[in-house]
Amino acid sequence: MAKKDLNEMSFLDHLEELRWLLVRSTIAILILATVTFFVSDYIFDVIIFGPTSPDFITYRFFCDLSHQLGFADSICVTEMPFIIQNTDMEGQVNILVWTCILSGFILGFPYILWELWKFISPALYEKERKHAKLFLFVSSMLFFLGVLFGYFVVIPMSVNFFATFKVSDVVKNQFSIDSYIGMVKTSIVASGLFFELPIIIYFLTKLGLVTPTFLRKYWKYAVIIILIVAAIVTPPDVVSQTIVAIPMLIIYEASIWISKVVTRNKNKENG
């Protein structure tokens, strides 16, 4: 399909462009998923199940921090009193397939962003199109930072909390592999996408759907939501909750600042 000017493209033309965007992105994800299949042992044993070991780097960091703050071993992790089991005949096969696909999505995220940029770039000014490399770099870095935040902070805290929480000594924790992998996937993807908030706010502000005044007005509600999320995914101690909440608050504040810059530039262009 020949490249058309934005003003000449019909609604069906846009749908056709979007369809090919999804097709190419899906192919890229499947190719990368196939690649990750050959290192799936490492992905599962070292990466995915890493947070189930008391020797995981995050637990050791908090233990050292606990000693430095004079809390002794109060937040040290010495054991993980649970097992992970498979209860479905095809369970492990499904987990392998979908984990490879998720890995393909994470590794292919920069390419997906590039495809998305090609789709929306006709609606931008020429000077804005020149920032394609910056957009791809910043968006990719934010996503990968979010993924790392989810993996090294959110997941270990969640695993530690749910592994040690119990309503009675009679009940033993035996988590299904579906439940564990689901928690890992949700934490990683949600954190990665949340770190994309500044980019999302940038485009919403460009479209006039969001203003810095709106974001500042509902800042206190955003803080409450962030603190609630931090309290849910972390153990019931102030240190852990603060470590999770602070980066999220910084991301929100950065989004407000970006919205201000975009709004100021739009006012200059219109004024």
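As annotated in an unreviewed UniProt entry, the chain carries the name Sec-independent protein translocase protein TatC and comes from Flavobacterium keumense. The Function (unreviewed entry) field of the UniProt record for the chain holds the comment "Part of the twin-arginine translocation (Tat) system that transports large folded proteins containing a characteristic twin-arginine motif in their signal peptide across membranes." UniProt's Subunit (unreviewed entry) comment on the chain is quoted here verbatim: "Forms a complex with TatA."

Asker: Sorry, what's going on with the overall build of the chain here?
Answerer: Each helix and strand in the chain was counted, giving twelve helices and two strands. Reading the chain from its N end, one meets helices and strands in the order α-α-α-β-α-α-α-α-β-α-α-α-α-α. Look at the contacts in the chain between residues 6 or more apart in sequence, and 79% of them connect residues 24 or more apart. Accessible area for the chain stands at about 16,300 Å²; split by element, carbon and sulfur atoms hold 68% of it.

Asker: Would you mind showing me how to read the side chain of S140 here?
Answerer: Looking at the secondary structure, you find S140 in helix α7 (residues 132-164). A polar atom in the side chain of S140 sits 2.7 Å from the backbone oxygen of L136.

Asker: Please explain the pattern of salt bridges as it appears in this structure.
Answerer: Opposite charge on two side chains allows them to pair when their charged atoms are near. Counted by the stated rule, this structure contains four salt bridges. In this structure, R216 engages E253 in a salt bridge whose closest nitrogen and oxygen atoms are separated by 3.2 Å. Of this pair, R216 sits in helix α10 (residues 212-217) while E253 is found in helix α12 (residues 238-270), placing the two residues 37 residues apart along the sequence. Look at R216 and you get partly exposed, because its relative accessible area is 37%. On the accessibility criterion, E253 (29% relative accessible area) is partly exposed. Shared partners join several salt bridges into a network, and the residues in it are R24, E115 and K118.

Asker: How should I be thinking about the layout of surface pockets in this particular structure?
Answerer: If a probe the size of a water molecule is rolled over the atoms, the empty space left behind becomes visible. The volume enclosed by the second largest pocket comes to roughly 440 Å³. Of all elements in the fold, only α2 (40-48), α4 (91-107), α7 and α8 (177-194) reach the threshold of two or more residues within the lining of the second largest pocket. Each residue belonging to the lining of the second largest pocket can be placed in one class, and the counts come to 16 nonpolar, three polar and one charged.

Asker: Where do I start with the packing of α7 against helix α9 (residues 197-206) in this structure?
Answerer: Between two packed helices, the angle of one axis relative to the other and the distance separating the axes together describe the packing. It is the contact of α7 with α9, at a shortest axis distance of 9 Å, that shows an interaxial angle of 135°. Taken together, α7 and α9 sit at an angle that is classed as oblique. Taking contact as the criterion, the partners of F135, V138, S139 and L142 in α7 are, on α9, P198, I199 and F203. The class makeup of the residues in the contact of α7 with α9 is six nonpolar, one polar and no charged.

Asker: I would appreciate a short explanation of the packing of aromatic side chains in the present structure.
Answerer: Each pair of aromatic rings is reported with the distance of its centres and the angle of its planes. Evaluated as defined, the whole model comprises 21 aromatic pairs. Judged by centre distance (5.6 Å) and plane angle (75°), the rings of F37 and F38 are edge-to-face. A residue is classified by how much of its surface remains accessible, and F38, at 67% relative accessible area, is exposed. Aromatic pair Y202 and F203: ring centres 5.1 Å apart, planes at 85°, arrangement edge-to-face. Members of the aromatic cluster, connected to one another through ring pairs, are F56, Y59, Y151 and F152. For K118, the ring lying beneath its charged end belongs to W114, and the centroid distance is 4.2 Å.

Asker: Would you mind showing me how to read α9 here?
Answerer: Every α-helix carries 3.6 residues per turn, so stepping three or four residues along brings you back to the same face. Of all the positions in α9, only L197, P198, I199, I201, F203 and T205 are classed as buried. Once α9 ends, the next one or two residues include G208, with phi positive near 80°.

Asker: I'm lost on α2 in this one. Help?
Answerer: Residues of α2 that are buried include every one of S40, I43, F44 and I48, and no others. Take α2 and look down its axis: the buried residues cluster within an arc of 90°, on one side only. In α2, those exposed residues whose orientation departs by more than 90 degrees from the buried face are D41, Y42 and D45.

Asker: Just checking my understanding: could you explain a nonpolar patch on the surface for this structure?
Answerer: Among the surface-exposed residues, I57, L134, F137, V138, M141, L145, L148 and F152 lie close enough to one another that they form a single nonpolar patch of about 720 Å² accessible area. With seven residues, α7 is the single largest residue contributor to the nonpolar patch. We classify F152 as partly exposed; its relative accessible area is 34%.

Rules and cut-offs
- Residues numbered from 1 in each chain as written.
- Predicted model: local features only at pLDDT ≥ 70, side-chain atom pairs only at ≥ 80, totals over all residues.
- Heavy atoms only, no water.
- UniProt positions renumbered as here; feature names shortened; annotations may be inferred.
- Helix = DSSP H or I, 4+ residues; strand = E, 2+ residues; numbered from the N terminus.
- Contact = heavy atoms within 4.5 Å.
- Areas by Shrake-Rupley, 256 points an atom, 1.4 Å probe, with all protein chains shown as cover.
- Polar contact = N/O pair within 3.5 Å; in protein donor to acceptor, adjacent residues only side chain to side chain.
- Salt bridge = Lys/Arg side-chain N within 4 Å of Asp/Glu carboxyl O.
- Buried < 20%, exposed > 50% of the residue type's maximum accessible area, 1.4 Å probe, protein only.
- 1 Å grid on protein atoms, 1.4 Å probe; cavity = no way out; pocket = protein on both sides within 12 Å on 5 of 7 lines; lining within 4 Å.
- Points joined across faces, edges and corners; volume = space filled by probe spheres on them.
- Nonpolar A, V, L, I, M, F, W, Y, C, P; charged D, E, K, R; others polar.
- Axes fitted to C-alpha atoms, helices over the stretch in contact; angles between N-to-C directions.
- Parallel < 35°, antiparallel > 145°, perpendicular 65-115°, else oblique.
- Phe/Tyr/Trp six-rings, centres within 6.5 Å; stacked < 30°, edge-to-face > 60°.
- Lys NZ or Arg CZ within 6 Å of the ring centre and 35° of its normal.
- Arc of directions from axis to C-beta.
- Patch = residues over 30% accessible without salt bridge, like charges linked within 9 Å, V, L, I, M, F, W, Y side chains within 5 Å.

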